[in-house]
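What follows is each chain in one-letter form.
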Amino acid sequence: MLSLRDKSLLTANAYLDGTWICADDQGIDVTNPADGSLVGRVPSLSREMVQRAIDAAEAAREDWAARPARQRAVLLRRWYDLIIENADDLAQILTAEQGKPLSEAKAEIVSNAAYLEWFGEEAKRVYGEVIPAPAADRRFIVLKQPIGVCAAVTPWNFPNGMITRKAGPALAAGCPIIVKPASQTPLSALALAVLAERAGIPKGVFQVVTGKAQMIGTLFCKNPTVAKISFTGSTEVGRWLIAESADGIKRLSLELGGNAPFIVFEDADLDAAVQGAMMAKFRNSGQTCVCANRIYVHESVADKFAYRLAQAAEKLVVGVGSDPATEQGPLIDRAAVEKVTRHLQDALDRGARVVTGGGPHALGGTWFQPTVITGVSPDALVAREETFAPLAAIISFSSDDEAIALANATEFGLAAYFYSRDLARVFRVAEKLEAGMVGVNTGALASEAAPFGGVKQSGIGREGSRHGIDEYLEMKYLCLAGL
Ligand SMILES: NC(=O)c1ccc[n+]([C@@H]2O[C@H](COP(=O)([O-])OP(=O)(O)OC[C@H]3O[C@@H](n4cnc5c(N)ncnc54)[C@H](O)[C@@H]3O)[C@@H](O)[C@H]2O)c1
Ligand SMILES: O=C[C@H](O)CS(=O)(=O)O
């Protein structure tokens, strides 16, 4: 049972055009992955209601874009402050609907609220250009203008952070945004809407719609009023959005699936590498897009690393996310357990062996033991597909070139990690890895100050850093002649 200081944050009402829409009997139940209990019920909005949200965003667009950036920055900062003040309540809501440990939920909320603060400041630095013209009677000027009404479609694994990570740059740039959260975890988005309204963000500028994903997605893709869609989720759905919005040539930002390699070279600090692997593999029970999906270890240290990683994994406190002592919660649903079980069995069939864990946890439900396996075949499913579970698969290698070739043998390219203390090797390997982000001697790399995103089939565009606001701006070239 939640014990919220501010009970108004737990709302199951969709937020559109400054009004709260409650669920009818066609609503969508939100359940706690830990015990299946009902946490809330959100409305399954009709096509007409979603269209109303798009119309409300369009009605708010000109005024929001025309506000001085400083005014938008003040409101973003006020929203940020309210999120930080209410982070404990927001963490309880997040854990109740997603399952992650409270400590991780709070870390997600605080670290991603920083995108509101960061882009509130960036709003004041959206500079244009004056370009030296090639003729005396001309002046070349470049304006940067907000792209217009934006839509965001977000995943269940970071139900709070993936929203502030998009709303920050969108609102800073002068764009209203309509968010469609994952149906498994909409309550965090709605709690953010409560605080956005409290911060004074005008109606129509930030909205949260809930309901049938494909219907809403199609409306976002087909309605020309929606100038851009920012999507975070699977590559499969990202591919669908590209196809569905192709005829309108819609601007898209895509943060998609991953299959991160984690490479331990023979000169690595093994204790540091184990710590990094624990962060990169087991955070959110392995359900992050940047999780170490494959762990490549030089053959000379593979057994020692596997043993130490297993020792660390065995110390993880597995339990209900709402228990402050818990370090690993349940997986999101039964399908997730079936997928990791399939990956594990395939690896074992190909000759791998279990060092620790190796199946569902004694807690039952969707808990899975933190598992380390070694002697994994490079062709195993766990090396080719995103496992999204606490399964650390160790594959040995014998040379740098082999490690790089194995790491790059995937259609994904979001994150990659490696441990080495040889500076020449660090630059050689970092420059050859096919990934949008590379963690060197670290298992955690996300920050509002850095460009987060992937290459190949892991996405298009970047979130965070000074580049992130460009995703919500159009460049206009003015050619002034006859002067
Ligand atoms: N690159 C990143 O930053 C990042 C971050 C988090 C998660 N992810 C990826 O997301 C996936 C896990 O999240 P998920 O299971 O929620 O992904 P998902 O693609 O199944 O769902 C993501 C969102 O898309 C919606 N959706 C599903 N089908 C849709 C359709 N046809 N039209 C419109 N919307 C649709 C869902 O309701 C949800 O809101 C993993 O692959 C993970 O790697 C990537
Ligand atoms: O999986 C989604 C998040 O983007 C991971 S992180 O918190 O940004 O590392």
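Thresholds applied
- Residues numbered from 1 in each chain as written.
- Chains lettered and ligands numbered in written order.
- Predicted model: local features only at pLDDT ≥ 70, side-chain atom pairs only at ≥ 80, totals over all residues.
- Heavy atoms only, no water.
- Salt bridge = Lys/Arg side-chain N within 4 Å of Asp/Glu carboxyl O.
- Helix = DSSP H or I, 4+ residues; strand = E, 2+ residues; numbered from the N terminus.
- Buried < 20%, exposed > 50% of the residue type's maximum accessible area, 1.4 Å probe, protein only.
- Axes fitted to C-alpha atoms, helices over the stretch in contact; angles between N-to-C directions.
- Parallel < 35°, antiparallel > 145°, perpendicular 65-115°, else oblique.
- Left-handed = near helix turned anticlockwise from the far one by under 90°.
- Contact = heavy atoms within 4.5 Å.
- Nonpolar A, V, L, I, M, F, W, Y, C, P; charged D, E, K, R; others polar.
- Phe/Tyr/Trp six-rings, centres within 6.5 Å; stacked < 30°, edge-to-face > 60°.
- Lys NZ or Arg CZ within 6 Å of the ring centre and 35° of its normal.
- Near = heavy atom within 4 Å.
- Polar contact = N/O pair within 3.5 Å; in protein donor to acceptor, adjacent residues only side chain to side chain.
- Domains from an automatic or database assignment.
- UniProt positions renumbered as here; feature names shortened; annotations may be inferred.
- Buried area = accessible area lost by both parts, 1.4 Å probe.
- Pairing = 2+ DSSP bridges.
- Right-handed = clockwise from strand over helix to strand, strands pointing away.

Caption draft 1: Examining the pattern of salt bridges more closely. The final tally for this structure, using the stated rule, is 25 salt bridges. Put simply, Lys 222 and Asp 247 hold a salt bridge, and the shortest N to O gap is 3.2 Å. Within this pair, whereas Lys 222 is found in helix α7 (residues 213-222), its partner Asp 247 is found in the loop between α8 (235-244) and β11 (251-255), the two being separated by 25 residues in sequence. The class for Lys 222 is partly exposed, based on a relative accessible area of 40%. In this structure, the salt-bridge partner of Asp 346 is Arg 350, at a minimum N-O distance of 3.0 Å. With a relative accessible area of 15%, Asp 346 lands in the buried category. Put simply, Glu 266, Asp 267, Asp 400, Arg 425 and Arg 428 are held in one network by salt bridges that share partners.

Caption draft 2: Quick peek at the packing of helix α2 (residues 69-85) against helix α6 (residues 187-199). Direction vectors running N to C along α2 and α6 enclose 130 degrees, while the axes themselves pass 9 Å from each other. Taken as axis vectors, α2 and α6 run oblique relative to one another. Both α2 and α6 take part in a crossing whose hand is right-handed. Together, Leu 75, Arg 78, Trp 79, Leu 82 and Ile 83 of α2 and Leu 192, Leu 195, Ala 196, Arg 198 and Ala 199 of α6 make up the contact between the two elements. Its residues assigned to classes, the contact of α2 with α6 comprises eight nonpolar, no polar and two charged.

Caption draft 3: Region of interest: α8. Residues of α8 that are buried include every one of Thr 235, Gly 238, Leu 241 and Glu 244, and no others. At its buried positions, α8 is contacted by α7, β10 (226-232) and β11.

Caption draft 4: Quick peek at the packing of aromatic side chains. Summed over all chains, the structure comprises eight aromatic pairs. An aromatic cluster of three or more residues is present, and its members are Phe 262, Tyr 417 and Tyr 419. The ring of Phe 452 carries the charged tip of Arg 165 above its face, separated from the ring centre by 4.7 Å. Cation over ring: Lys 228 sits above Tyr 472, and NZ or CZ is 5.2 Å from the ring centre.

Caption draft 5: Highlighting the site of ligand 1. Lining the immediate environment of ligand 1, one finds 26 residues, of which Thr 154, Trp 156, Lys 180, Ser 234 and Glu 386 sit closest. Contact distances for ligand 1 include 3.4 Å between an oxygen atom and a backbone N or O atom of Ala 182. Among the secondary structure elements, those contributing two or more residues to the shell around ligand 1 are α7, β10 and α8. The biggest single contributor to the shell around ligand 1 is α7, with three residues. When grouped by side-chain class, the residues that make up the shell around ligand 1 number 14 nonpolar, nine polar and three charged. When residues of the shell around ligand 1 are sorted by domain, at least three fall in each of domain 1 (7-256 + 458-478) and domain 2 (260-440).

Caption draft 6: Structural view of the UniProt feature "domain: Aldehyde dehydrogenase" (unreviewed entry) in the chain. Sequence positions flagged by UniProt for "domain: Aldehyde dehydrogenase" (unreviewed entry) are, in local numbering, residues 20-477. Regarding residues 20-477, the helix share stands at 40% and the strand share at 19%, and the terminal C-alpha atoms are separated by 41 Å.

Caption draft 7: View of the domain arrangement of the chain. Partitioning the chain into structural domains gives domain 1 (7-256 + 458-478) and domain 2 (260-440). Distance between the C-alpha centres of domain 1 and domain 2: 31 Å. Counting residues at the interface gives 19 residues for domain 1, matched by 23 residues for domain 2. Surface buried jointly by domain 1 and domain 2 totals about 1600 Å² across both partners, of which 58% is contributed by carbon and sulfur atoms. Put simply, domain 1 and domain 2 have zero salt bridges between them. Counting across the domain 1 and domain 2 interface gives seven residue pairs in polar contact (both at pLDDT 80 or more).

Caption draft 8: Highlighting the sheet that holds strand β15 (residues 371-374). The seven strands are arranged β14-β15-β16-β13-β12-β17-β18 in an open sheet whose pairing can be described as mixed. What marks the edges here is a single partner per strand, and that holds for β14 (353-356) and β18 (437-440). Neighbour-to-neighbour, the strand axes of the sheet open up by a mean angle of 25 degrees, direction not taken into account. Sheet topology places strand β17 (residues 415-419) next to β18; four bridges connect them, and they run parallel. Counted as the bridge partner of Ala 415 is Met 437 from β18.

Caption draft 9: Quick look at the pairing of strand β8 (residues 177-180). Burial along β8 is two-sided: Ile 177 and Val 179 facing one way and Ile 178 and Lys 180 facing the other are all buried. With four bridges joining them, strand β7 (residues 149-153) and β8 adopt parallel strand pairing. In the sheet register, Cys 150 faces β8, and the bridge partner there is Ile 177. A crossover connection joins β7 to the parallel β8 through helix α5 (residues 161-173); in handedness this β-α-β unit is right-handed. Pairing analysis gives three bridges linking β8 to strand β9 (residues 206-208), with the strands arranged parallel. In the sheet register, Ile 177 faces β9, and the bridge partner there is Phe 206.

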